[in-house]
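# Chain and residue survey
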Amino acid sequence: MGAPRWARLCLLLLAAVTLWVLLCGHDRDAQASPKPSLLQQESLPLVPGGMSRNAGSHGLSRESSMDRGKPSSEPGKAKSTKEQASSCPQSLTSIVKADPRFGKLFRFHIPVLMWARHFTQETRDRLKERSVPYGWQGLSDTAIASTLHLLNDSANSWLFDKARFPEGCVRCAVVGNGGILNGSRQGKEIDAHDFVFRLNGAVIKGFEDDVGTKTSFYGFTVNTMKNSLIAYREYGFTQIPQSKDLRYIFIPSDIRDYVMLKSAILGSRVQEGYDKGDDPRMYFGPEASAKKFKLLHSDFIHYLTLRFLRSEIINTQYGYLYMPSTGALMLLTALHTCDQVSAYGFITDNYRKFSDHYYERKKKPLVFYANHDMLLEAELWKSLHRAGIMKLYQR
Ligand SMILES: *[C@@H]1O[C@H](CO)[C@@H](O)[C@H](O)[C@H]1NC(C)=O
Ligand SMILES: *[C@@H]1O[C@H](CO)[C@@H](O)[C@H](O)[C@H]1NC(C)=O
């Protein structure tokens with residue numbers, strides 16, 4: 001197992017360095033990510049078809065074909081239902097609606113999660129045209145079908161049951177792993193939210209005062225999850241967060257994610273592929289059931305990338321590598337499902353003041369990888385904060 005994996009890692013590091021040089025050449029603040037992008041890059045060479053691809057193969061330049069594929073598209077509809085259900089002082093949807101820029105970007109009716117009902121011929125034909133994480137190009141039909149058929153519980157169609165909040169305002173905190181959280185003492189405030197999202201190397205032990213203890217959702221790709229266990233072990237990240245109420249959000253960035261998800265639901269060892277032999281219960285605990293797991297919709301990731309994080313990287317020779325970071329996907333997921341969102345540990349303008357992650361003992365400069373565009377993400381968080389759509393923790 002070891003050799004090809006390290007070979008791949010080296011290749012990517014090389015790509016990362018090259019891109020870094022490219023970006024510096026453009027005189028941008030090319031440095032940084034206080035976020036868990038660290039190990040996401042490894043999965044990227046597994047994109048079927050690999051290196052010869054260009055950005056076009058993601059289908060990112062074909063926005064119209066994507067919109068065509070969407071079921072029912074009256075943006076106003078879902079919004080008003082959501083507004084009625086919310087007793088927030090001012091709900092996110094109404095602020096978005098009134099915003100000249102974001103009012104045009106958000107589409108609240110888009111399905112965030114993928115489940116059994118989405119495995120139709122129409123969806124298949126559409127997704128077969130795009131590579132991961134935006135589609136199913138080159139992936140085994142059988143593997144995807146068997147996974148999606150298992151996601152047949154209504155709990156697989158929503159992140160949380162809105163009926164549990166009859167007049168409520170659902171408040172969510174999304175906790176990135178940025179160094180800004182070291183010494184922040186935001187733990188209590190974070191835990192006071194209805195739902196807390198965490199991702200990748202989310203170290204809690206020893207940092208309770210700064211990051212809280214509650215975890216409602218943990219988001220990852222199999223690649224970032226397993227690499228976090230390796231890379232952040234020395235900081236105490238020895239186990240994926242587990243608890244009875246915790247739900248896992250799989251990001252479908254590779255066939256590995258579908259294959260692992262299937263085994264996780266069945267509570268059996270992984271039968272094939274890269275993670276063959278893994279016992280998912282080692283990661284997600286003893287409870288194996290469809291209810292425990294969610295899968296981000298490929299169309300949702302496509303939509304987010306097109307509308308919110310359409311990086312210039314897409315137009316370079318590294319376009320095939322690009323995807324929003326795990327943190328970005330979780331934050332945007334919350335923004336499409338909660339009534340109020342606060343972001344902690346995400347990149348801010350003054351990221352240079354802080355270490356890469358909140359748990360490093362010695363300050364470490366932020367690491368910039370080829371497959372994410374952290375500066376574009378930073379701009380987006382800043383704009384959403386300024387527009388009053390979410391609260392970005394800054395200091
Ligand atoms: C979901 O699929 C499983 C396995 O095929 C089956 O046992 C179960 O009854 C199905 N549940 C629903 C709600 O259809
Ligand atoms: C985190 O904060 C502590 C206390 O404020 C400080 O001593 C330490 O150097 C900080 N760690 C990093 C990596 O900046």
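Residues numbered from 1 in each chain as written. Chains lettered and ligands numbered in written order. Predicted model: local features only at pLDDT ≥ 70, side-chain atom pairs only at ≥ 80, totals over all residues. Heavy atoms only, no water.

Within an unreviewed UniProt entry, the label attached to the protein reads alpha-N-acetylgalactosaminide alpha-2,6-sialyltransferase, and the organism entered is Terrapene triunguis. Taken directly from UniProt, the Sequence similarities (unreviewed entry) text for the protein runs: "Belongs to the glycosyltransferase 29 family." Reading the Pathway (unreviewed entry) entry of the UniProt record for the protein gives the comment "Protein modification; protein glycosylation." (UniProt positions renumbered as here; feature names shortened; annotations may be inferred.)

## Re the pairing of strand E2 (residues 195-199)
Buried residues dominate E2, accounting for 5 of its 5 residues. Here E2 shows a buried face lined by Phe-195, Phe-197 and Leu-199 and a second buried face lined by Val-196 and Arg-198. Bridge count between strand E1 (residues 171-175) and E2: 3 bridges; the pairing is parallel. Within E2, the residue paired with Ala-173 across the bridge is Val-196. In this structure, E2 lies alongside strand E3 (residues 217-220), joined through 3 bridges in parallel fashion. Pairing of Leu-199 across the sheet is with Gly-219, part of E3. (Buried < 20%, exposed > 50% of the residue type's maximum accessible area, 1.4 Å probe, protein only. Helix = DSSP H or I, 4+ residues; strand = E, 2+ residues; numbered from the N terminus. Pairing = 2+ DSSP bridges.)

## Some remarks on the site of ligand 2
The full set of residues close to ligand 2 is Asn-182, Ser-355, Glu-360, Arg-361, Lys-362 and Lys-363. Interatomic distance of 2.4 Å between a side-chain N/O atom of Asn-182 and an oxygen atom of ligand 2. Burial of ligand 2 by the surrounding chains reaches 44%, relative to a free accessible area of 360 Å². A class-by-class count of the residues in the shell around ligand 2 yields no nonpolar, 2 polar and 4 charged. (Near = heavy atom within 4 Å. Polar contact = N/O pair within 3.5 Å; in protein donor to acceptor, adjacent residues only side chain to side chain. Areas by Shrake-Rupley, 256 points an atom, 1.4 Å probe, with all protein chains shown as cover. Nonpolar A, V, L, I, M, F, W, Y, C, P; charged D, E, K, R; others polar.)

## What to know about the environment of Pro-166
Along the chain, Pro-166 turns up in the loop between helix H7 (141-150) and E1. Residue class for Pro-166 comes out exposed when judged on its relative accessible area of 62%. Taking the C-alpha atoms as reference points, Pro-166 and Ser-87, separated by 79 residues in sequence, lie 9.4 Å from one another.

## Comments concerning the nonpolar core
The biggest cluster of nonpolar side chains holds 61 residues, and the ones touching the most others in it are Phe-106, Phe-197, Leu-296, Phe-308, Leu-335 and Trp-381. Contributing elements (two or more residues each) for this core: helix H4 (92-98), helix H5 (102-105), E1, E2, helix H13 (298-307), helix H14 (326-335), strand E6 (340-344) and helix H15 (374-386). The residues touching Phe-308, leaving out its near neighbours within four places in the chain, are Phe-102, Leu-105, Phe-106, Tyr-303, Leu-332, His-336 and Leu-380. (Core = buried A, V, L, I, M, F, W, Y, C linked by side-chain atoms within 4.5 Å. Contact = heavy atoms within 4.5 Å.)

## Digging into the side chain of Arg-307
Residue position: Arg-307 is located in helix H13. A distance of 3.0 Å separates a polar side-chain atom of Arg-307 from the backbone oxygen of Lys-104.

## Regarding the state of the cysteines
With the rule as written, the count across this model stands at 2 disulfides. Between the sulfur atoms of Cys-88 and its disulfide mate Cys-169 the distance is 1.9 Å. Measuring the twist about the S-S bond at about 90 degrees, one finds the Cys-88-Cys-169 disulfide to be right-handed. Residue Cys-88 is located in the loop between helix H3 (75-84) and H4, and its partner Cys-169 is located in the loop between H7 and E1; the two are separated by 81 residues in the primary sequence. For the protein, the disulfide bridges join cysteines in the arrangement 1-2, 3-4, where the cysteines are counted in sequence order. (Disulfide = S-S within 2.5 Å.)

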